[in-house]
Structures are given as C-alpha cells and as structure tokens.
Amino acid sequence: MFDHTTRPESAALFERAQRVLPGGVNSPVRAFRAVGGIPPFLVRGEGCRVWDADGREYLDFVGSWGPLILGHSHPEVLEAVAEAMRDGLSFGAPTAREVEMAELLAEIVPHIDMVRMVNSGTEAVMSAVRVARGVTGRGKLIKFDGCYHGHSDAMLVGAGSGALTQGVPDSAGVTAGAAQDTLLAKYNDLSSVSALFDANRGQVAAVIVEPVAANMGVVPPEEGFLQGLRGLCDRNGALLIFDEVITGFRLGLGGAQAFFGVRADLVTFGKIIGGGMPVGAYAGRRELMSQVAPTGPIYQAGTLSGNPVAMAAGISQLRILHSHPEYYTQIAENASFMAEKLREAAQKHGIPMQVNQCGALLCPYFTETPVRSFDGAKASDLNRFRAYFHEMLGRGIYLAPSQYEAVFVNVSHSRADIETACAAAEESLAALT
Ligand SMILES: *Cc1c(COP(=O)(O)O)cnc(C)c1O
C-alpha cells in the first residue's frame, strides 16, 4: 500500500484546501473519496509525466481527464497560447481565431456546418439540449443510465462516474420539474429506448448518448446499437445527440460519427477541443444551428465564449492531430496492448477481471462477467479497485481515482512507457492476492 506520509506537501495543501473548498477540490472526483487517501497536488507536467508538490514523478494516464491527447506542455501548443496571450486575454468581440476554429471543425467533423463555442462540456450539452427542444417543440429527453453529460439539472439523472462514486446518482437541489422530462434507458439495449418512445409518443425531443460510454468505465457500443438509435430517432421525429466530449478527436479526428459510421444531428465537444483550456462546443447542420440566437429564437450566450487564448490552444492541438493521422493508430495499438497485458496478468494471478477497450480508451473491471452496461460496470469489486489504484500510485502510475473512469492512452506515451505501466500493473495485481 502507498505510504501517504511521504507526501507532506500535498497533505498540508489538502488540509488548507478543505477549509476553503468543499472537499478541498473544485470538482468532486479529484478528492479521492472513491479510493481514500490524499490526492497528490500536481505542480508540473511534461509529455506523459507529472510531478507533485513533494517532487514525486508519476506516469500519467489521466491527461487532465482526456484533453491532453498530445501530453502535457506540448511545445507547439504552449507557443500558440503565448502568442495569442501577447495580444490580450479577452475582447468579447469577434476575433479571427473563432472563425478558424469553426472552419476547422466543419472540415474535420462529419455532418456539421455550423458551430457555437462555449466554455465547458456541461455548457455544450445544456445548449444542445435547448436546441433540440427548441427546434422540435418537444420537452422530453432520453438519456442512458450511467452516461454523464455534465452537471446541468436535466442531465443529473442516472449520471455515472462522479455522481456514482458519491452514491448520489441524483443531486440534491435538482427540482422534480427539471428531472421529470429526462427519461432513462439502458445502454446497449435498444428495446429500452423503443419502449420509452412508445410510452411518450410525440413528446421526445432527443436521444443523447455517449457513443462510447466513458463515465461508467469504458463500455463500447455493441454492433448495431448506435445505428439502431439513429433509426429510432428518425421514426419518432426526434434528434440524435452524440455527446462527444470524450470521444471527439479521441477515437479519431472525426469522432464517433466517423469511427462508427453513424450520423448524429447535434454533437457536443469539450476536453480535447480546448487542448487543456476550458472550452466546449456544440455543432450541427445549418438548418438546426441557424435557430440559435442571434439568427434564431433559441437563446444562448457567453461573455468569454470563443476566448482567443483558449481557441489558440485548441486549434494548435487539433492541427497537430490533423497532420498526424498515424497518432490514432499508435494510441489505439498501445491501448490494445495494455488491455491484453492486463488480461494476462489478471489471469496469471487468478484475479477475475474484464478489460474493455475502444481506441485509446480502456478500463479494467474487477468482475467475472463481461461489462456491456451500467449494471455490469456496477458489478466490479470496488475494494479490489481501491487496492489496485493505491498499488499503482505507489509505483508511480497515476490513474483516475475511480473505477468508473477511463484509462487515457495518449500520443506522449511511448511503447516503453506503456510497458512500464503494464509491469507495474502486474506487480500490483500480484500484491492483491
Ligand atoms: C466531462 C464530460 C462532460 C462535462 O464536461 P465539463 O467540461 O466537465 O463540463 C460532458 N459529457 C461527457 C461525456 C463528459 O465526459
């Protein structure tokens, strides 16, 4: 087990933090409640490595929860930010970088003509849902149990990861009115979706889905699931929203629409799109997006939206990805290699484990049964995960502190780094027996 006394600086900071920040953090999962112990306070990152306030080095598989697909402190991205910064931090007036970003997105993401930039994934989803309701004139939404779409009221129903590890899938402070129009279906179960459509005929504005569920660990869509959603939406006059806050620019530059060959009506982005800056976006075809203010009646605004420094970081990262298609092969191969090594190690040490993997996302679950839904994910032995997490942290491998989060493999991980992590995983699994 990891010895927390060797991190006095982080411990002191956490003490101070807890006095002035709820749980010592600005986003709940970081507080380590699901695994116990004191979170390392990070001070610096470079490539796939991060350093904490006590000078410890870690091999990072979080990457700021997805955004840093190129790794920390990529020199070109930092230079783009510095250059933008020298001209001023914000104007609240139109700037060229917003146009460049939107043109780039329309070029690399299938089926989108227009984009609206926002400041987080939460905001992107909240706004896309408003567009779906505004254009259809309907109120209800279908979402999937265990999928996370940010913390807006209507989305905090069956919301996975953070909400899940807290043991409060629904939040206090969300009114019955705000939650009642959110209908819950089961991921990878089309019959649960058609039953909701049948029971709410003519009332469903949209189905929103994480094309690869990545807030209940990692659960890929089964053959025909996303296509089936497309068909059900078409037959029922509802829109299909892909929440690509994680899958966007991660499965490939074109996100899940390109990866699985399924068209969505609206897509939401966050994380990678900002290259580490607070950015989100929602996008779709012209006929839908032109309904947004000021050209249409659906109001949505943002003082800092399209911020030039944030745009510079995002554009720079996306352009690098655009000119290196081989990066996607590399990260998927490394993730697949890692998944296989984890399976082998678990088998060798007699530990029941399922490793789900899709592209650069993977997740080991401590269960004998294949995980294809939220119920399956919940079958994982959380005590085992906790022990595994601390064994890994003690060996310098920084994983997300929750069973229900993905392991993010990034371009900055060399095969040698992946092998280092796999060796640590084998030792960690051996220590669990
Ligand atoms: C992280 C996430 C969000 C929320 O994005 P924030 O930037 O944290 O508000 C929404 N949807 C999905 C799928 C996410 O993973």
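The structure this text deals with has already been given above.
My aim in this report is to walk through the structure given alongside it, one point at a time. Sequence order as written defines the numbering, with residues in each chain counted from 1. Under the rules for a predicted model, residues below a pLDDT of 70 receive no local features and side-chain atom pairs below 80 are neither given nor counted, while totals for whole chains, interfaces and linings still include all residues. Excluded from the side-chain calculation are hydrogens and water; included are all heavy atoms of the structure.

**Here we look at the nonpolar core**
Grouped together as the largest cluster of nonpolar side chains are 113 residues, with contacts concentrated most on F144, F249, I273, M338 and Y388. If sequence neighbours within four positions are ignored, F249 has contacts with I69, L105, I108, V109, G255, F269, I272, I273, L318, L321 and Y328. Each nonpolar core is a collection of buried residues, namely Ala, Val, Leu, Ile, Met, Phe, Trp, Tyr and Cys, held together in the definition by side-chain atoms within 4.5 Å. Accessible area is worked out with a 1.4 Å probe on protein chains only. A residue is then buried under 20% of its type maximum, exposed over 50%, and partly exposed in between. Among the nonpolar cores identified, the runner-up in size contains 20 residues, and V131, I208, L266 and M289 belong to it. Working rule for contacts: check all heavy atoms of both residues, and any pair within 4.5 Å makes them a contact.

**Brief notes about the sheet that holds strand β1 (residues 42-46)**
One requirement defines pairing of two strands: DSSP has to find at least two bridges between them. The helix and strand labels rest on DSSP assignments: H or I over at least four residues marks a helix, E over at least two residues marks a strand, and numbering proceeds from the N terminus. If you walk across this open sheet you meet the 4 strands as β1-β2-β3-β13, and the pairing is mixed. Two strands lie at the open edges of the sheet, namely β1 and β13 (397-398), each paired on one side alone. Lying over the sheet, helix α15 (residues 415-432) contacts β2 (49-52), β3 (57-60) and β13, oriented at roughly 105° with respect to β3. Between N-to-C directions, angles span 0 to 180 degrees; the directions come from axes that are lines fitted to C-alpha atoms, helices contributing only their stretch in contact.

**Brief notes about the site of the ligand**
Every residue lining the ligand is accounted for by S120, G121, T122, Y148, H149, G150, E210, N215, D243, V245, I246 and K271. Side-chain atoms alone can form a polar contact between residues adjacent in sequence; in general such a contact is a pair of N or O atoms within 3.5 Å, and within protein one must be able to donate a hydrogen while the other accepts it. One of the side-chain nitrogen or oxygen atoms of N215 is found 3.1 Å away from an oxygen atom of the ligand. Measuring from a nitrogen atom of the ligand, one finds a side-chain N or O atom of D243 at 2.7 Å. Accessible surface area values rest on a Shrake-Rupley calculation with a 1.4 Å probe, where residue burial reflects the displayed protein chains alone. Taking 390 Å² as the accessible area of the ligand by itself, protein coverage stands at 83%. Side-chain classes are defined by residue name, with Ala, Val, Leu, Ile, Met, Phe, Trp, Tyr, Cys and Pro counting as nonpolar, Asp, Glu, Lys and Arg as charged, and the others, Gly among them, as polar. Taken together, the residues of the shell around the ligand break down into 3 nonpolar, 6 polar and 3 charged. The rule for a residue being near a molecule or strand is that one of its heavy atoms must lie within 4 Å of it.

**Focus: the packing of aromatic side chains**
Two rings from Phe, Tyr or Trp (for Trp, the six-membered ring) form a pair when their centres are within 6.5 Å of each other. A pair whose planes differ by under 30 degrees is stacked, one over 60 is edge-to-face, and the rest are tilted. One pass over the structure, following the stated rule, counts 10 aromatic pairs. Following the ring pairs from residue to residue traces out a cluster consisting of F32, F385 and F389. Cation over ring: R44 sits above W51, and NZ or CZ is 4.2 Å from the ring centre. Comment: the charge-over-ring label is applied if NZ (Lys) or CZ (Arg) is within 6 Å of the ring centre and within 35 degrees of the ring normal. The ring of F337 is capped by R415, whose NZ or CZ atom sits 4.1 Å from the centre of that ring.

**Description of helix α12 (residues 326-348)**
Given the number of residues in a helix, its expected span is that number minus one, multiplied by 1.5 Å. For α12, built from 23 residues, the straight-helix expectation of 33 Å at 1.5 Å per residue is met to within 8% by its first-to-last C-alpha distance of 33 Å. Within α12 the residues assigned to the buried category are Y327, Y328, I331, N334, A335, F337, M338, A339, L342, A345 and A346. Elements in contact with the buried residues of α12: α11 (308-322), β11 (354-358), β12 (361-365), α14 (382-394), β14 (407-408) and α15. Downstream of α12 by one or two residues, G350 has phi in the positive range, about 65°.

**Considering α14**
The end-to-end C-alpha separation of α14 is 18 Å, in line with the 18 Å expected for 13 residues at 1.5 Å each. Those residues of α14 lying buried are F385, Y388, F389, H390, E391, M392 and L393. Of the surrounding secondary structure, the elements contacted by the buried residues of α14 are β3, α12, β12, β13 and α15. With a side-chain oxygen positioned 3.1 Å from the backbone nitrogen of N383, the residue opening α14 is D381. In the stretch just after α14, G396 is the one whose phi turns positive, near 80°.

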